[in-house]
Amino acid sequence: MKAKQYLVIRGHTSQYPKPISFAKGATLVVGKKYEGPEGWDNWLFCDTPGQEGGWVPAQIIEIIDGNVAHALEDYTARELDVKEGDLLLGMSILNGWVWCENSTTSKSGWVPLANLSEAFR
């Protein structure tokens, strides 16, 4: 995806202060699939040794045995806290979320797509 500029139309604050993060090849234990009214499909709650569990996109893991999986790429579930009116640069969209960078603070993380509007120049 080519980077796009987004305007935050509804603020977002992470509920996960210690997001799951792992490197390609990491072993994960896969739990429940996310089910909610938001339409965020293909999210699985995973655990990995030494940290709290978190939501992981199904597309970036390979289940190898029952509920054990390997990561196909590096990943962090870090969410970006944003407020209405912030301008963000979106790098990729995945399962209803956008990986964004706030050009003012240089912080990056996931933001729900529903909280954003594409900014036109």
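Residues numbered from 1 in each chain as written. Predicted model: local features only at pLDDT ≥ 70, side-chain atom pairs only at ≥ 80, totals over all residues. Heavy atoms only, no water.

> Outline the side chain of Ser14, listing residues and values.
Its location among the elements puts Ser14 in the loop between β1 (4–8) and β2 (21–22). Engagement of the side chain of Ser14 in a polar contact is seen with the backbone nitrogen of Tyr16, the distance being 3.0 Å. Excluding its chain neighbours within four sequence positions, the residues that come into contact with Ser14 are Glu79 and Asp81. (Helix = DSSP H or I, 4+ residues; strand = E, 2+ residues; numbered from the N terminus. Polar contact = N/O pair within 3.5 Å; in protein donor to acceptor, adjacent residues only side chain to side chain. Contact = heavy atoms within 4.5 Å.)

> Pulling in residues and values, what's your account of the pattern of salt bridges?
Taken as a whole and judged by the stated rule, the model has two salt bridges. Across the pair Lys4 and Glu118 runs a salt bridge, and its minimum N-O distance is 3.8 Å. Highlighted residues: Lys4 in strand β1 and Glu118 in strand β12 (residues 116–118), separated in sequence by 114 residues. Between Asp86 and Lys83 there is a salt bridge; the shortest N-O distance is 3.1 Å. Asp86 gets classed as buried once you look at its relative accessible area, which sits at 13%. Residue Lys83 is classed as exposed on the basis of its relative accessible area of 57%. (Salt bridge = Lys/Arg side-chain N within 4 Å of Asp/Glu carboxyl O. Buried < 20%, exposed > 50% of the residue type's maximum accessible area, 1.4 Å probe, protein only.)

> An account of the environment of Gly36 is needed here, citing residue identities and associated values.
Tracing the backbone shows Gly36 in the loop between β3 (27–33) and β4 (43–47). You can call Gly36 partly exposed: its relative accessible area is 37%. Along the backbone, Gly36 and Ile60 are 24 residues apart, and their C-alpha atoms lie at a distance of 21 Å.

> With reference to specific residues and values, describe the environment of Gly50.
For Gly50, the location among the structural elements is in the loop between β4 and β5 (54–57). Residue class for Gly50 comes out exposed when judged on its relative accessible area of 89%. When the C-alpha positions of Gly50 and Glu118 are compared, they lie 38 Å apart, and in sequence the two are 68 residues distant.

> Requested: an account of the sheet that holds strand β7 (residues 68–71), with residues and values cited.
The sheet built from five strands is open, its strands ordered β5-β4-β3-β7-β6 with antiparallel pairing. Sheet topology places β5 and β6 (61–65) at the edges, where each strand pairs with a single neighbour. Sheet twist, expressed as the mean angle between neighbouring strand axes with direction ignored, is 50°. Where β3 lies against β4, three bridges are found, and the strand directions are antiparallel. (Pairing = 2+ DSSP bridges. Axes fitted to C-alpha atoms, helices over the stretch in contact; angles between N-to-C directions.)

Nothing here speaks to function; it is geometry throughout.
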